[in-house]
Amino acid sequence: MKKFSFLFASLFLLAACGPTAGGGASGGGNKAEGDTIKIGMNMELSGDVSAYGNAEKEGITLAVEEINEAGGVLGKKLELIEKDNKSENGEATSVAANLTAKDKVVAVVGPATSGATKATIPNMTKAAVPVITPSGTDDSITVVNDKVQEYIFRACFQDTFQGVILANFAQDNLKAKNVVIIGDNSSDYAIGLTKSFKDTFKGKIAKEETFTAGDKDFQAILTKIKDLDYDAIYIPGYYAEAGLIIKQAREMGIDKPILGADGFGDEKLVEIAGAKNVSDVYYTGHFSEKAPATDKVKPFVEAFKKKYDKQPSAFNALGYDSVYMLKQAMEDRDSADSKEITEGLASLKDFVGVTGKMTMDKDHNPEKSAVVLGLTEGKETSADAVNP
Amino acid sequence: MEVVIQQLVNGLFLGSIYALLALGYTMVYGIIKLINFAHGEIYMLGGFMGYFFINKLSLGFFPALILSMVGAAVIGVVIEFLAYRPLRKSTRIAALITAIGVSFLLQNGMIYWLGPEKKSFPQAIEFKNYQLGFIQISNIQVLILVISLVLMVALQLIVKKTKMGKAMRAVSVDADAAQLMGINVNRTISFTFALGSALAAAAGMLIGLYYNSIDPMMGVVPGLKSFVAAVLGGIGIIPGAALGGFVIGLLETITIALGFSDYKDAVVYALLIIILLIRPAGILGKNIKEKV
């Protein structure tokens, strides 16, 4: 079933790519008209990954309210147009077309996931309206075939960067010399993470094992590595399988530190692994209250708690930062036209957000530090800011 | 050597789950020549029923196990009554397609109702590890193996020693003749579905407890693999299904242990093709007419 829907989605994407390939930007972009500045939100509000979309929506809404209360941008209020892409790539494409052509937004925040964001590239490029994805970490979102996508930006770091951070963390903080990799072999996300880790890590890879998404039994793999000589296990993959690996490894008596990327960042990881098994587990996060990246973190956490009565997550923070990045881009260029915002985002410098201080590099990826969060008995007990 | 034996033990536990599931396929096929593709979904429903009985009704593991086996038996009978019975005189392909439809209906119904996310199964039994010499096994693994074996033996006794079992065997040989002899064919078929579904539900709950994670799509792959197990052992033959299950479990574990984890599914399906080519009746397949 999943495979088929993926196939259809990619067909969709291919079809959508056709007419624009080589065409590049032809439209003139949208201009801010009237006394409001319209920005669009293309989010996964229902469907498979709606947890991400709704979390980002909370952050985005909070940022828009704050900006409007403080007088708006360039003397105009922001108007947020919310649309649900139902966690489907095809739907994300049509939402992108709708927002740019019908609602005439000057910029779009979202989608949250890499696949959906990639699906919107042709439409956004055609309309010449910039997009910021708060959490799409796949490298090939902003650079496709060595070509930087003119209108595509992100607020988070990309996958290869996480692999570098984790390799540095393993050798500097954990003093690991030998590492075992148990990687998901069925997702671009995990393959990218594995590659960048191996390229950076100076120690030895004692053993490399692979699995495919959906696997449940890891006894065979773990039995193989149990008696090897190594200092840490690196698991590039998502929380569903990583949770099971952690559970089965700890129950088997493997007590070595376990490392992972932001795919670990879901409370389901702890639920599936069982809280008592999740100790000495580290993963890269975009945001932590314990290691505040900038002095914006405190006021953000307070405002967020006041509005939603809960602690903000990384996805809340990334959604929030995306809106402020747009604000800064508009102010830098003193214009709210989509072309100018694009320029502003591309030359964003020393922007202070809650997920870090960032400067946009030439590939439209923000350069910022990452936080490595440590879990003990399922609770966040440490946070180290690690620089690339 | 130790590692090899530990891997074989691992394969045995995995295999006992496939075996439990394969029994349901084999019995239903044996009695009405239908490959019940919705069987994997009954396994999934079993896991979810266990989840609710333990979480919402705060039952212990064993009462919940029995309740979800009963619940799944009822669901199995209802599915047979609504979806398969009206088609009993139609072609076999019509019934097969209906089975696939029921399978999709159950998956998507559960996704619609509870969402697609993985749920963590309540850990109703405290985890413990035992060291037997160099082999390490946990109490949950032992539980899986023991419950599977007990259920398999119980099933064999029901089929061989009870009146209902005799009726099942009679229907599988010739339903019309059995009817003439005064056997209620419909009731016998319902009973077969109930038995098979109860076993699937037990497997679903055991896997939930073992892996601590259940989701609406969990039945698809194990369902297909245990179907392969049933064919491997000789579809329609009960000890064959159990044997096939263990073989598949071991094969999968060995494939991973040798470092070919990407090909573990391919190996299982390749085995299916090979067995169909060289011994279509399955390992225990004979040419006598007794099925079930």
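As annotated in an unreviewed UniProt entry, chain B is Branched-chain amino acid ABC transporter permease from Enterococcus haemoperoxidus ATCC BAA-382. Here chain B is described in UniProt, under the heading Subcellular location (unreviewed entry), as follows: "Cell membrane". What the UniProt record of chain B gives under Sequence similarities (unreviewed entry) is the line "Belongs to the binding-protein-dependent transport system permease family. LivHM subfamily."

As recorded by an unreviewed UniProt entry, chain A carries the name Leucine-binding protein domain-containing protein and is attributed to Enterococcus haemoperoxidus ATCC BAA-382. For chain A, the Sequence similarities (unreviewed entry) comment in UniProt is given as "Belongs to the leucine-binding protein family."

Student: Can you help me understand the overall build of chain A in this one?
Tutor: Across its full length, chain A carries 12 helices and 17 strands. Since a compact globule built from 388 residues should have a radius of gyration of about 21 Å, the 21 Å found for chain A is in line with a globular shape. The 388 residues of chain A split such that 56% are buried. Taking as baseline every contact in chain A between residues at least 6 positions apart, the subset at least 24 positions apart corresponds to 70%. In the form shown here, chain A has an accessible surface area of approximately 15,600 Å², with 50% of it arising from carbon and sulfur atoms. Across chain A, the mean location of the 45 positive side-chain charges is 1 Å away from that of the 57 negative side-chain charges.

Student: Can you walk me through the interface of chain A and chain B in this structure?
Tutor: Interface size is often expressed as the accessible area that is lost when the parts come together. If you look at the interface, chain A gives 27 residues, while chain B gives 33 residues. Summed over both sides, the interface between chain A and chain B buries roughly 2,500 Å², with carbon and sulfur atoms accounting for 51% of that surface. Taken together, the links from chain A to chain B amount to two salt bridges. Among the ionic pairs, D215 of chain B bridges to K216 of chain A, the shortest N-O distance being 3.7 Å. On inspection of chain A and its partner chain B, the count reaches 18 residue pairs in polar contact (both at pLDDT 80 or more). When residues in the side of chain A that touches chain B are grouped by element, the largest group, six residues, is from helix α8 (residues 239–252) of chain A. Here the side of chain A that touches chain B is built from residues that sort into nine nonpolar, seven polar and 11 charged.

Student: What am I meant to see in the sheet that holds strand β15 (residues 366–367) of chain A here?
Tutor: Either a parallel or an antiparallel arrangement is found when strands of a sheet pair, and the pairing is made through backbone hydrogen bonds. Residues and elements named next belong to chain A. The strand order β13-β14-β15 describes an open sheet built from three strands, whose pairing is antiparallel. Whereas interior strands pair on both sides, the edge strands pair on one side only; in this sheet they are β13 (351–353) and β15. Inspection of the sheet shows strand β14 (residues 356–360) paired to β15 by two bridges, in the antiparallel sense. When the bridges of β15 are listed, T359 appears paired with E367.

Student: Just to check I follow, could you spell out helix α9 (residues 220–233) of chain B for this structure?
Tutor: Along an α-helix, a turn takes 3.6 residues, which lines up residues three or four apart on a common side. All names here are of chain B. Relative to the 20 Å expected for 14 residues at 1.5 Å per residue, α9 spans 20 Å between its end C-alpha atoms, a close match to the ideal helical length. With 11 of its 14 residues buried, α9 lies for the most part within the structure. Taken together, the buried positions of α9 are occupied by P222, G223, K225, S226, F227, V228, A229, A230, V231, L232 and G233. Structurally, α9 contributes buried residues whose contacts are with α1 (2–32), α2 (39–55), α10 (238–257) and α11 (264–278). With its phi angle positive at about 110°, G234 sits one or two positions after the end of α9.

Student: Sorry, what's going on with empty space enclosed by the protein here?
Tutor: Within this structure, the stated rule accounts for four cavities of 30 Å³ or more. Each pocket or cavity is described by its volume, and for the largest cavity that value is around 110 Å³. Lining the largest cavity are Q219, Q248, E251 and M252 of chain A together with Q6, N10, F127, N129, Q136, S138, Q141 and Y210 of chain B. Mapped onto the lining of the largest cavity, the elements with two or more residues apiece are α8 of chain A together with α1 and β2 (135–138) of chain B. No other element matches α8 of chain A, which puts three residues into the lining of the largest cavity. In terms of residue class, the lining of the largest cavity is made up of three nonpolar, eight polar and one charged.

Student: Where do I start with the packing of aromatic side chains in this structure?
Tutor: Pairs of aromatic rings are described using the distance from one ring centre to the other and the angle between the two planes. Residues and elements named next belong to chain A. Enumeration according to the criterion identifies 20 aromatic pairs over all chains in this entry. Residues F197 and Y234 carry aromatic rings whose centres are separated by 4.0 Å and whose planes lie at 20° to one another, so their mutual orientation is stacked. Of this pair, F197 sits in helix α6 (residues 188–200) while Y234 is found in strand β10 (residues 232–234), placing the two residues 37 residues apart along the sequence. Considered together, F197 and Y234 belong to a single accessibility category, that of buried residues. Taken together, a centroid distance of 5.0 Å and an interplanar angle of 45° make the contact between Y320 and Y324 tilted. Taken together, the residues span about one helical turn, with Y320 and Y324 both in helix α11 (residues 314–333) at a distance of four residues.

Student: For this particular structure, what's the right way to read the environment of L105 of chain B?
Tutor: Looking at where L105 of chain B falls in the secondary structure, it is placed in helix α4 (residues 92–114). As for L105 of chain B and E41 of chain B, which are separated by 64 residues in sequence, their C-alpha atoms are 9.4 Å apart.

Student: What should I look at first to understand the UniProt feature "transmembrane region" (unreviewed entry) in chain B in this one?
Tutor: As recorded in UniProt, the sites labelled "transmembrane region" (unreviewed entry) are residues 12–32, 37–54, 60–82, 94–114, 134–159, 189–211, 231–254 and 266–285 of chain B. With 83% helix and 0% strand, residues 231–254 of chain B has its two end C-alpha atoms placed 20 Å apart.

Student: Is there a simple way to explain the side chain of S120 of chain B in this structure?
Tutor: With respect to the element layout, S120 of chain B can be found in the loop between α4 and β1 (129–132). Residue S120 of chain B is classed as buried on the basis of its relative accessible area of 17%. Of the polar contacts made by the side chain of S120 of chain B, one reaches the side chain of E271 of chain A; its length is 3.5 Å. Filtering out sequence-adjacent residues up to four positions away, S120 of chain B remains in contact with E271 and I272 of chain A together with Y51 and N212 of chain B.

Student: What should I look at first to understand the packing of α9 of chain B against α10 of chain B in this one?
Tutor: Two quantities define a packed helix pair, namely the angle between the helix axes and the distance between the axes. Residues and elements named next belong to chain B. Interaxial distance between α9 and α10 falls to 7 Å at its minimum, and their mutual angle equals 120°. Judged on the interaxial angle alone, α10 and α9 are oblique. Read as a crossing pair, α9 and α10 show a hand that is right-handed. Every residue of α10 that contacts α9 at K225, V228, A229, A230, L232 and G233 is listed here: G240, A241, G244, G245, V247, I248 and E252. Looking at the contact of α9 with α10 residue by residue, the class counts come to seven nonpolar, four polar and two charged.

Conventions adopted
Residues numbered from 1 in each chain as written. Chains lettered and ligands numbered in written order. Predicted model: local features only at pLDDT ≥ 70, side-chain atom pairs only at ≥ 80, totals over all residues. Heavy atoms only, no water. UniProt positions renumbered as here; feature names shortened; annotations may be inferred. Helix = DSSP H or I, 4+ residues; strand = E, 2+ residues; numbered from the N terminus. Rg over C-alpha atoms; globule rule 2.2 N^0.38 Å. Buried < 20%, exposed > 50% of the residue type's maximum accessible area, 1.4 Å probe, protein only. Contact = heavy atoms within 4.5 Å. Areas by Shrake-Rupley, 256 points an atom, 1.4 Å probe, with all protein chains shown as cover. Lys, Arg positive; Asp, Glu negative; His and termini not counted. Charge placed at Lys NZ, Arg CZ, Asp CG, Glu CD. Buried area = accessible area lost by both parts, 1.4 Å probe. Salt bridge = Lys/Arg side-chain N within 4 Å of Asp/Glu carboxyl O. Polar contact = N/O pair within 3.5 Å; in protein donor to acceptor, adjacent residues only side chain to side chain. Nonpolar A, V, L, I, M, F, W, Y, C, P; charged D, E, K, R; others polar. Pairing = 2+ DSSP bridges. Expected span 1.5 Å × (residues − 1). 1 Å grid on protein atoms, 1.4 Å probe; cavity = no way out; pocket = protein on both sides within 12 Å on 5 of 7 lines; lining within 4 Å. Points joined across faces, edges and corners; volume = space filled by probe spheres on them. Phe/Tyr/Trp six-rings, centres within 6.5 Å; stacked < 30°, edge-to-face > 60°. Axes fitted to C-alpha atoms, helices over the stretch in contact; angles between N-to-C directions. Parallel < 35°, antiparallel > 145°, perpendicular 65-115°, else oblique. Left-handed = near helix turned anticlockwise from the far one by under 90°.

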